[in-house]
Amino acid sequence: EKKKYLMLFINSPSHYAPFNIACEEYILNNFPEDVFLLYRNDASIIVGRHQNTLAEINLDYVKEHNIPVVRRLTGGGTVFHDLGNLNYCFLMNRTGDEDRGFAKYTAPILAALKDLGIEAKLEGRNDLTIKGMKFSGNARAVYPNKIHQHGTILFSSKITDLSAALKANPLKFKDKAVHSVAARVTNISEHLTKPISLEEFIQLIQKEVLKLYPDAREYHLTEDDEKGINTLMKSKYETWEWNFGHSPAYNHKQSIRCSAGTIEFHIDVHKGKITGLRIYGDFFGERDPSELESALTGLPHRSEELRKALESLPLNEFFGEVTIEDILAGLI
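Cut-offs used in this document
Residues numbered from 1 in each chain as written. Predicted model: local features only at pLDDT ≥ 70, side-chain atom pairs only at ≥ 80, totals over all residues. Heavy atoms only, no water. Phe/Tyr/Trp six-rings, centres within 6.5 Å; stacked < 30°, edge-to-face > 60°. Helix = DSSP H or I, 4+ residues; strand = E, 2+ residues; numbered from the N terminus. Buried < 20%, exposed > 50% of the residue type's maximum accessible area, 1.4 Å probe, protein only. Lys NZ or Arg CZ within 6 Å of the ring centre and 35° of its normal. Core = buried A, V, L, I, M, F, W, Y, C linked by side-chain atoms within 4.5 Å. Salt bridge = Lys/Arg side-chain N within 4 Å of Asp/Glu carboxyl O. Expected span 1.5 Å × (residues − 1). Polar contact = N/O pair within 3.5 Å; in protein donor to acceptor, adjacent residues only side chain to side chain. Contact = heavy atoms within 4.5 Å. Pairing = 2+ DSSP bridges. Axes fitted to C-alpha atoms, helices over the stretch in contact; angles between N-to-C directions.

Details of the packing of aromatic side chains
For step 1, the next point in the chain: Following the criterion strictly, the structure yields 10 aromatic pairs and no others.
For step 2, the next point in the chain: Arranged with centres 4.7 Å apart and planes meeting at 40 degrees, the rings of Phe36 and Phe90 form a pair that is tilted. With Phe36 in strand β2 (residues 34-39) and Phe90 in strand β6 (residues 85-93), this residue pair connects regions lying 54 residues apart in the sequence.
For step 3, the next point in the chain: Here Phe36 falls in the buried class, since its relative accessible area comes to 1%.
For step 4, the next point in the chain: Members of the aromatic cluster, connected to one another through ring pairs, are Phe9, Phe36, Tyr88, Phe90 and Tyr105.
For step 5, the next point in the chain: The residue whose ring lies beneath Lys236 is Trp242, and the NZ or CZ to ring-centre distance is 4.2 Å.

Examining the nonpolar core
For step 1, the next point in the chain: One finds Ile263 and Phe319 to be the most contacted residues of the largest nonpolar core, which totals 40 residues.
For step 2, the next point in the chain: The element best represented in this core is strand β14 (residues 261-270), accounting for 4 residues.
For step 3, the next point in the chain: Leu86, Leu128, Ile188 and Ile196 belong to the second-largest nonpolar core, a separate cluster that totals 33 residues.

Focus: the pattern of salt bridges
For step 1, the next point in the chain: All chains considered together, the criterion is met by 11 salt bridges.
For step 2, the next point in the chain: The closest approach of N and O atoms between Glu25 and Lys236, which form a salt bridge, is 2.9 Å. Of this pair, Glu25 sits in helix α1 (residues 17-30) while Lys236 is found in helix α6 (residues 223-237), placing the two residues 211 residues apart along the sequence. Here Glu25 matches Lys236 in class, with each residue buried.
For step 3, the next point in the chain: Of the charged contacts, one joins Arg307 and Glu325 as a salt bridge, the two residues approaching to 2.6 Å between their closest N and O atoms. Of the two residues, Arg307 is situated in helix α9 (residues 303-311) and Glu325 in helix α11 (residues 324-331); the sequence distance between them amounts to 18 residues.
For step 4, the next point in the chain: Overall, Glu325 belongs to the partly exposed group, its relative accessible area being 46%.

Focus on α1
For step 1, the next point in the chain: End to end, α1 covers 20 Å across 14 residues, agreeing with the expected 20 Å (1.5 Å per residue, within 8%).
For step 2, the next point in the chain: For α1, the tally of buried residues reaches 12 of 14 residues, placing the bulk of the element in the interior.
For step 3, the next point in the chain: Among the residues making up α1, those that are buried are Ala17, Pro18, Phe19, Asn20, Ile21, Ala22, Cys23, Glu24, Glu25, Tyr26, Ile27 and Leu28.

Notes on the side chain of Ser303
For step 1, the next point in the chain: Of note, Ser303 is situated in helix α9.
For step 2, the next point in the chain: The class of Ser303 is buried, set by a relative accessible area of 16%.
For step 3, the next point in the chain: In this structure the side chain of Ser303 is engaged in a polar contact, spanning 2.9 Å, whose partner is the side chain of Lys63.
For step 4, the next point in the chain: In this structure, Ser303 is in contact with Lys63, Leu328 and Ile332, ignoring residues within four places of it in sequence.

Concerning the sheet that holds strand β4 (residues 69-71)
For step 1, the next point in the chain: Spatially, the 3 strands line up as an open sheet ordered β4-β3-β5, and their pairing is mixed. Looking at which strands have only one partner, the edges of the open sheet turn out to be β4 and β5 (79-81). Ignoring which end each strand starts from, the neighbouring axes of this sheet average 30 degrees apart.
For step 2, the next point in the chain: Relative to β4, strand β3 (residues 44-47) runs parallel, the two sharing 3 bridges. Within β4, the position partnered with Ile45 by the bridge is Val69.
For step 3, the next point in the chain: Sitting on the sheet, α1 is in contact with β3 and β4, with an inclination near 10 degrees to β4.

Put into structure tokens, the structure is as follows:
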């Protein structure tokens, strides 16, 4: 006799992406019930499990605008979130009927839109579309006892605001990672015959989920839950090691022009660390760059550590007239 699981509705109290992505994993590991989670994030970038983070984002823009970049547990591509984007997540116990893939868990979203007079459908592998334009991307992970499926719903997102944050320089990276493909996207709000608020839309979705799971009840995260989520967030989802260092092996090639001439950097990175570095260019230096190459090999491909290393090296003897900033720009 299988235990009958109750379905819990959880609405996250936070708009901070690392907290909400940690919340998904915390629920996965700590709740015996089935859970339907909703959350919204302030401007942030969420990277797929198997992607090379640096090859997906414009690092300078992201740093300048303080945008959190978080790697999630599921595969797929990079997405950006803002408060006009609703994220929904099913964290379910496996019962044997999981093979219906994305269809099962996107059904309540499509039903809620139907209530609003909008014809939407599941297209391709995991996209929900209105008139051929994507408003929801979905991803899933299957574990021995659990299934984890989540998706974005563009309701009134300022889609273009963050496109600059996702423009990595394509010439810099050669990698075997999964790259995101830009799709034509649309907001649900643009297709409504009469405007409704995002809050009203959330209630509609919950009503549809209730039809599928009549025993669902609302649950508020307790103080202990929040403590657990914060611990996981700090140890994992706020760390460079998880968000950047977990990227697959990749090659990075970048040229800079500075007072010393043109300098070209070819870097191999594996598990976030520099495993190979070659420097070429038309500069005039007194020392052979191989010394510098060995000094930087083994370090994380991350500006903090590289800056520290460069500060202790006689860069002008290698290249002529250069600054630490010049060299850093070539390395990252």
